[in-house]
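# Descriptive structure summary
Now for the letters of each chain:
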Amino acid sequence: MATCKISCVRRDLLLYDNPAHALAASGADSLIPVFVAGDADEGAWPLGGAQRWWLARSLKSHAAKLAALGSRLVIVEGEAAKVLSDLAKRLGATEVVWTRRFDPAGLAAERRVEAALDKLGIAWSGQLGNHLFDPEEIATKEGRPYQVYTPFSRNCRARPAPSKPRATPTTLPPADGAPKGVAIESLGLDPKIDWAAGFRAMWVPGEETARARLSAFSSGSLARYPVGRDEPASDGSSLLSPHLAFGEVGIRRVWHTAAASTKSPAESTDKYHAELLWREFATHVLYHFPRTDLAPLRPEFARFPWRNDPDALKRWQQGRTGYPLVAAGMRQLWHTGWMHNRVRMVVASFLVKHLLLPWQDGARWFWDTLVDADLANNSLGWQWAAGCGADAAPYFRIFTPTSQAQKFDADAAYIKRWVPELKDVPAKSAVEPRDATVLPGLRANSTVGEGYPLPMVDHAMARERALAALASISKSRAGG
């Protein structure tokens, strides 16, 4: 009797080192790769606009690679438990395989799929896909989850090296009996108004591009990664984050490719590995503390006196803050769907500490505008900036945007690229334009340069206000 298996495609849009495809293909006469589309299983975080743009192209790329191996990607819409159990029953499938997600909605969807398949007596398997470690397996000596990165990373590094990635299959069983499914174009993933021109100029989603980026990075920028990663105007980042978010490149492949680089000193590889472990740490924290996507890990911050100021939030979103480095980051984000990591920290600190606006507002904006949006990384990063999460920066540590610009963009190359109003002014003044005495076109109505706004909030005042807000919750905690 012919054996049919289903491989459920999730955030693993690749063939190289795809454990779900590999396991499902083993011993199968027919393999049906299935992608379940829609928001039914995404909980509070349906894909944002930038992610939807990426997904449309990533699906096309993966479908083409499957077709080249004699297979076919079947796209269906609905709730995964119903869709997959119905399909498995109709095809007489003996097993359904997927790679695991560790976010709350992804885990909940898996439990529903497992229950539905158990009722039918159909075998299933959830494989560790695009993570180095299962978050259930990493724990303190007391058996508790980690809340601080350094001991977490020490634990990870003490373990055997991550397994080597599997090779790309040269063939796959045919998708015999598979339904036609729906066309990618019918999913409505592309924006109705074409705001993604900048995305197209910077990104080509898909496994082939991910492999090329990894190769270029490991043989180039990795060598000076400890320094280059903090320079927003340079090409010091790997730019692999969206490819990792959609599983177009396997994390084990990234780890081992960096380790094997002969052009990079050991400290560079070690630093890059440390950043990959931050990704693991973020997943670990969200898995064990699933409410931290919207609620602070540190409970006293539930009483924090955040401000409600829609106009200030809009100015931050649009890059009209009067702080050039903050403005440059927000405009880069809107134009490309990506922002340099150093600048992400600065703009996040500005929102929660200079403007005293809730970190959840920033998390939602990043979720909608980043092509590399990952719920665990997004939640950990914003709680870090707000001082209310795992391994958080102390709240009293407040980034000074001008000092950050002077340190990491002293010649204003990054600022001038994304804030063209300041392209013709001296670098020193572009970094801190409120020193307006040397700027051309100074206007008396609170603008400098050619229409560039003065800071929307004074740094010294904002710092004192933020510290007073922190003191208020400290007193509240002390009082009861």
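Here, the structure is the one placed above.
## Observations concerning the packing of aromatic side chains
- Applying the stated criterion across every chain, the model contains 24 aromatic pairs.
- Ring centres of Y225 and Y272 lie 5.2 Å apart, and the angle between their planes is 85°; on these two criteria the pair is classed as edge-to-face. Of this pair, Y225 sits in helix α8 (residues 225–228) while Y272 sits in helix α11 (residues 266–288), and the two are 47 residues apart along the sequence. As far as burial versus exposure is concerned, Y225 and Y272 are alike and both buried.
- Look at W316 and W382: their rings are 6.0 Å apart centre to centre, the planes differ by 75°, and that puts the pair in the edge-to-face class. Placement of W316 in helix α12 (residues 310–317) and of W382 in helix α16 (residues 375–386) is noted, with a sequence separation of 66 residues between them. Here W316 and W382 have matching classes, each one buried.

## Considering the pattern of salt bridges
- Applying the stated rule across the entire model yields 32 salt bridges.
- Here D134 ties to R100 by a salt bridge, and the two come within 3.4 Å at their closest N and O atoms. Of this pair, D134 sits in the loop between β5 (123–127) and α5 (149–158) while R100 sits in the loop between β4 (95–99) and α4 (104–120); the two residues are 34 residues apart in sequence, bridging distant segments of the chain. Residue D134 shares its accessibility class with R100, and that shared class is buried.
- Between E275 and K271 there is a salt bridge, with the nearest N and O atoms lying 4.0 Å from each other. Of this pair, E275 and K271 both sit in helix α11, four residues apart, which is roughly one turn of the helix.
- Residue class for K271 comes out partly exposed when judged on its relative accessible area of 29%.
- Look at the salt bridges and you will find they share partners, linking R10, R100, E110, R111, E114 and D134 into a network.

## Remarks on the layout of surface pockets
- Space inside the largest pocket adds up to approximately 1000 Å³.
- Taken together, 34 residues line the largest pocket, and the ones lying closest to its centre are E275, W278, N341, R344 and N377.
- Contributions of two or more residues to the lining of the largest pocket are made by α9 (241–245), α11, α14 (341–354) and α16.
- Examining the composition of the lining of the largest pocket, we find that seven residues originate from one element, α16, more than from any other.
- Looking at side-chain class alone, the lining of the largest pocket contains 20 nonpolar, eight polar and six charged residues.
- The space that makes up the second largest pocket amounts to roughly 490 Å³.
- What lines the second largest pocket is a set of 29 residues, among which F35, V36, A37, G38 and E42 lie closest to the centre.
- Those elements giving two or more residues to the lining of the second largest pocket turn out to be β1 (4–9), β2 (30–37), α2 (49–68), α3 (80–91) and α4.
- Element by element, the count of residues in the lining of the second largest pocket is highest for α4, at four residues.

## Describing helix α13 (residues 324–336)
- Relative to the 18 Å expected for 13 residues at 1.5 Å per residue, α13 spans 18 Å between its end C-alpha atoms, a close match to the ideal helical length.
- In terms of burial, α13 is a largely internal element, 11 of the 13 residues being buried.
- Within α13 the residues assigned to the buried category are P324, L325, V326, A327, A328, G329, M330, R331, Q332, L333 and T336.
- G337 occupies a position one or two residues after α13 and carries a positive phi of about 75°.

## Here we look at helix α7 (residues 207–219)
- The terminal C-alpha atoms of α7, which comprises 13 residues, lie 19 Å apart, in line with the 18 Å expected from a rise of 1.5 Å per residue.
- All buried positions along α7 are accounted for by E207, A210, R213, L214, F217 and S218. Down the axis of α7, the smallest arc covering the buried residues is 120°, so these residues share one side.
- Buried positions along α7 lie against α2, α6 (197–202), α8, α9, α10 (251–259) and α11.

## Quick word on the sheet that holds β2
- In space, the five strands of this open sheet follow the order β3-β2-β1-β4-β5, with parallel pairing throughout. Among the strands making up the open sheet, the edge pair consists of β3 (74–77) and β5. Adjacent strand axes in the sheet meet at a mean angle of 25° when their direction is disregarded.
- With six bridges connecting them, β1 and β2 associate as parallel partners. Paired with C8 across the bridge in β2 is V34.
- Sitting on the sheet, α4 touches β4 and β5, and the angle it makes with β4 is about 170°.

Procedures and definitions
- Residues numbered from 1 in each chain as written.
- Predicted model: local features only at pLDDT ≥ 70, side-chain atom pairs only at ≥ 80, totals over all residues.
- Heavy atoms only, no water.
- Phe/Tyr/Trp six-rings, centres within 6.5 Å; stacked < 30°, edge-to-face > 60°.
- Helix = DSSP H or I, 4+ residues; strand = E, 2+ residues; numbered from the N terminus.
- Buried < 20%, exposed > 50% of the residue type's maximum accessible area, 1.4 Å probe, protein only.
- Salt bridge = Lys/Arg side-chain N within 4 Å of Asp/Glu carboxyl O.
- 1 Å grid on protein atoms, 1.4 Å probe; cavity = no way out; pocket = protein on both sides within 12 Å on 5 of 7 lines; lining within 4 Å.
- Points joined across faces, edges and corners; volume = space filled by probe spheres on them.
- Nonpolar A, V, L, I, M, F, W, Y, C, P; charged D, E, K, R; others polar.
- Expected span 1.5 Å × (residues − 1).
- Arc of directions from axis to C-beta.
- Contact = heavy atoms within 4.5 Å.
- Pairing = 2+ DSSP bridges.
- Axes fitted to C-alpha atoms, helices over the stretch in contact; angles between N-to-C directions.

In short, shape yes, function no, at least from these values alone.
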